[in-house]
Amino acid sequence: GAGVSQSPSNKVTEKGKDVELRCDPISGHTALYWYRQSLGQGLEFLIYFQGNSAPDKSGLPSDRFSAERTGGSVSTLTIQRTQQEDSAVYLCASILVEAGELFFGEGSRLTVL
Amino acid sequence: SQQGEEDPQALSIQEGENATMNCSYKTSINNLQWYRQNSGRGLVHLILIRSNEREKHSGRLRVTLDTSKKSSSLLITASRAADTASYFCATAPTGTYKYIFGTGTRLKVLA
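Since this is a predicted model, take the numbers as computed values, not measurements. (Residues numbered from 1 in each chain as written. Chains lettered and ligands numbered in written order. Predicted model: local features only at pLDDT ≥ 70, side-chain atom pairs only at ≥ 80, totals over all residues. Heavy atoms only, no water.)

**Student:** I tried to follow the state of the cysteines on my own but got confused; where do I start?
**Tutor:** Put plainly, a disulfide is one covalent bond tying together the sulfur atoms of two cysteines. Applying the stated rule across the entire model yields 2 disulfides over all chains. The partner cysteine of Cys-23 of chain A in its disulfide is Cys-92 of chain A, sulfur to sulfur 1.9 Å. The sign of the S-S torsion, about -70°, decides the handedness of the disulfide formed by Cys-23 of chain A and Cys-92 of chain A: left-handed. Taken together, the residues span a long stretch of sequence, with Cys-23 of chain A in strand S3 (residues 19-24) and Cys-92 of chain A in strand S9 (residues 88-95) at a distance of 69 residues. In this structure, Cys-23 of chain A and Cys-92 of chain A share a single accessibility class: buried. What pairs with Cys-23 of chain B in a disulfide is Cys-89 of chain B, and their sulfur atoms sit 2.0 Å apart. Taking the sign of the S-S torsion, about 70° here, the bridge from Cys-23 of chain B to Cys-89 of chain B comes out right-handed. (Disulfide = S-S within 2.5 Å. Helix = DSSP H or I, 4+ residues; strand = E, 2+ residues; numbered from the N terminus. Buried < 20%, exposed > 50% of the residue type's maximum accessible area, 1.4 Å probe, protein only.)

Laid out in C-alpha cells, this is it:
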C-alpha cells in the first residue's frame, strides 16, 4: 500500500483478554517501530525491528507484551491478559533507514474495560 | 527514559506570530527530526537535520541544531490556526536506529 496501515483502528476489550494489533509497513521499508501513547502524553518507545529481528526490546512494559515481524513486512504486537493501564493508542512506524524519515500509521486505539 | 525533552510543554500564540519550541536530548546522534501530530493519532514528518548541519529551512519552518549543547529549536514563522498541533522531536543514539521521541509541545494558534 501507499502508507503504513494499522488494524484494528479501535479495539475495546475486557480486562484479562488477549489482543493482537497489526501493522503493515510501507513496502521495502527495512525497519519497523511500535510506540505507545497514553492520552495527552508523549510517545513511549516499545520495540523496533530491523528486518525480522528486534535489536532492542527494552521498551516492552512487561512480559505480557510481545511482538514479531515476519517476512520483513507485517508485524503484530500482542498483549496478553490485558490490564486497564494498557489502554492507549499504539502507533506503528516504518522507515527506510538510509533516508531517516519515519512514516506513521494512524494508530490502534485500545480500550480495556 | 525519554531521549528528548521539549519545552515549553504548551504554547499559545496569536495568528501571525512566530512560535519557537526547543528540544534537548541526551546522547550523540546522527540526525534530529521534528514531527507534528494532530488529534492524537499518526505523526507527520516535518524536517530532518543532520548532526553536521547547524540550520535548515523548509517553508515557514526553521530548525537549528547545537550538538555541543545537545539541543535543537523549531521556529514556525507567521503562524496560522492550522498550525495548532503537538510537535515532537525525535533522535536515535549514534550507531542505532532506536528513535526516541521527546515529550512534545502543544501549540495553540488563536485566530
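**Student:** I'm lost on the sheet that holds strand S7 (residues 65-69) of chain A in this one. Help?
**Tutor:** Strand pairs in the sheet, formed through backbone hydrogen bonds, run parallel or antiparallel to each other. All names here are of chain A. Pairing is antiparallel across the open sheet formed by 4 strands, whose spatial order is S1-S3-S8-S7. What marks the edges here is a single partner per strand, and that holds for strand S1 (5-7) and S7. Within the sheet, the average angular offset between the axes of one strand and its neighbour, ignoring direction, is 15°. In this sheet, strand S8 (residues 75-79) lies alongside S3 in antiparallel orientation, the contact comprising 5 bridges. The residue of S8 that forms the bridge with Cys-23 is Ser-75. (Pairing = 2+ DSSP bridges. Axes fitted to C-alpha atoms, helices over the stretch in contact; angles between N-to-C directions.)

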